[in-house]
Amino acid sequence: MHAILLSDPQATEAFGALLADRVRPGDVITLVGTLGAGKTSVARGLLAALGLAGEAPSPSFAIVQPYEPPEVRFPVLHVDLYRIDDPAEIEELALDDARYDSLLLVEWPERAGPDYWPDALRLSLTIEPDGTRGLTIGVPEAWRSRWPT
C-alpha cells in the first residue's frame, strides 16, 4: 500500500493524469471513498490525459459512461455503481466483456461485493480534517511492473 496527500481538486486531477502513462485496455481501476472525496476528479484527470476535451460528467445517473477513440486514446468505461442495490445487477452491465478492449474506471466498487475485481488498481480516497484528500493505493501483482516503488 502507498499513501499520499492531495492538497486540492487540481492535485487530485493531476494524480489521475499521471495514471494515463500506466494504463492500458483490460485494466480496472477502482475508486473508493465517500461522496465528495475526489473519485470523479481522479477519473476526470485520467480521461483528460487520455485526450478527452472538456470535463467528463459524473456517471452517477447513466451508471456507465463510455468514451471511444478518437475522443480518447483507447476505449474507456467510467462506471458509477452507487445506484446499484444488488450485485447481480452488475452482470447486466457486461463489464467483464468490455475488459477485452477497454479500461474500466469503477466508482463505488464495493457495491459489486468484495474482491469483484481482484486485479484492479485500488484507489481509496478520504477527506482529511484539513480538507485535503488522503489517497491510499493498493497495487496488485498485475500492476507491480508499471508502478513506481
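Heads up: the structure comes first, above all this text.
Colleague: So what exactly am I meant to see when it comes to the overall build of the protein chain here?
Modeller: Counting its secondary structure elements, the protein chain contains four helices and seven strands. Its helices and strands taken in sequence order, the protein chain reads β-α-β-α-β-β-α-α-β-β-β from the N to the C terminus. Over its C-alpha atoms the protein chain spans a radius of gyration of 14 Å, differing by no more than 12% from the 15 Å that the globule rule assigns to 149 residues. For the C-alpha atoms alone, the extent of the protein chain along its principal axes is close to 40 × 35 × 30 Å.

Colleague: Is there a simple way to think about the nonpolar core in this case?
Modeller: The tendency in soluble globular proteins is for nonpolar side chains to be buried as a group. One finds Leu19, Ile29 and Leu123 to be the most contacted residues of the largest nonpolar core, which totals 29 residues. Those elements that place two or more of their residues in this core are helix H1 (9–19), strand E2 (28–32), helix H2 (39–49), strand E5 (103–107), strand E6 (121–127) and strand E7 (133–138). A total of four residues in this core trace back to one element, the largest contributor, which is H2. When near neighbours in sequence (up to four residues on either side) are disregarded, leucine 19 contacts Ile29, Val42, Leu46, Leu121, Leu123 and Trp147. In this structure, Val28, Ile63, Ile90 and Ala112 belong to the second largest nonpolar core, which totals 15 residues.

Colleague: Looking at this model, I keep getting lost on the sheet that holds E6. Mind explaining?
Modeller: Backbone-to-backbone hydrogen bonds join strands into a sheet, with any given pair of strands oriented parallel or antiparallel. The seven strands are arranged E1-E7-E6-E2-E5-E4-E3 in an open sheet whose pairing can be described as mixed. With one partner strand each, in any of the chains shown, strand E1 (2–6) and strand E3 (64–67) form the two edges of the open sheet. Across the sheet, the axes of successive neighbouring strands diverge by a mean angle of 15°, strand direction being ignored. Sheet topology note: the E1/E7 ladder contains five bridges and is antiparallel. Of the residues in E7, the one forming a bridge with isoleucine 4 is leucine 135. The sheet contacts of H2 involve E2, E3, strand E4 (76–80), E5 and E6, and relative to E5 the element is tilted by about 160°.

The rules behind the values
Residues numbered from 1 in each chain as written. Predicted model: local features only at pLDDT ≥ 70, side-chain atom pairs only at ≥ 80, totals over all residues. Heavy atoms only, no water. Helix = DSSP H or I, 4+ residues; strand = E, 2+ residues; numbered from the N terminus. Rg over C-alpha atoms; globule rule 2.2 N^0.38 Å. Core = buried A, V, L, I, M, F, W, Y, C linked by side-chain atoms within 4.5 Å. Buried < 20%, exposed > 50% of the residue type's maximum accessible area, 1.4 Å probe, protein only. Contact = heavy atoms within 4.5 Å. Pairing = 2+ DSSP bridges. Axes fitted to C-alpha atoms, helices over the stretch in contact; angles between N-to-C directions.

By themselves, these observations are geometric and do not establish any function.
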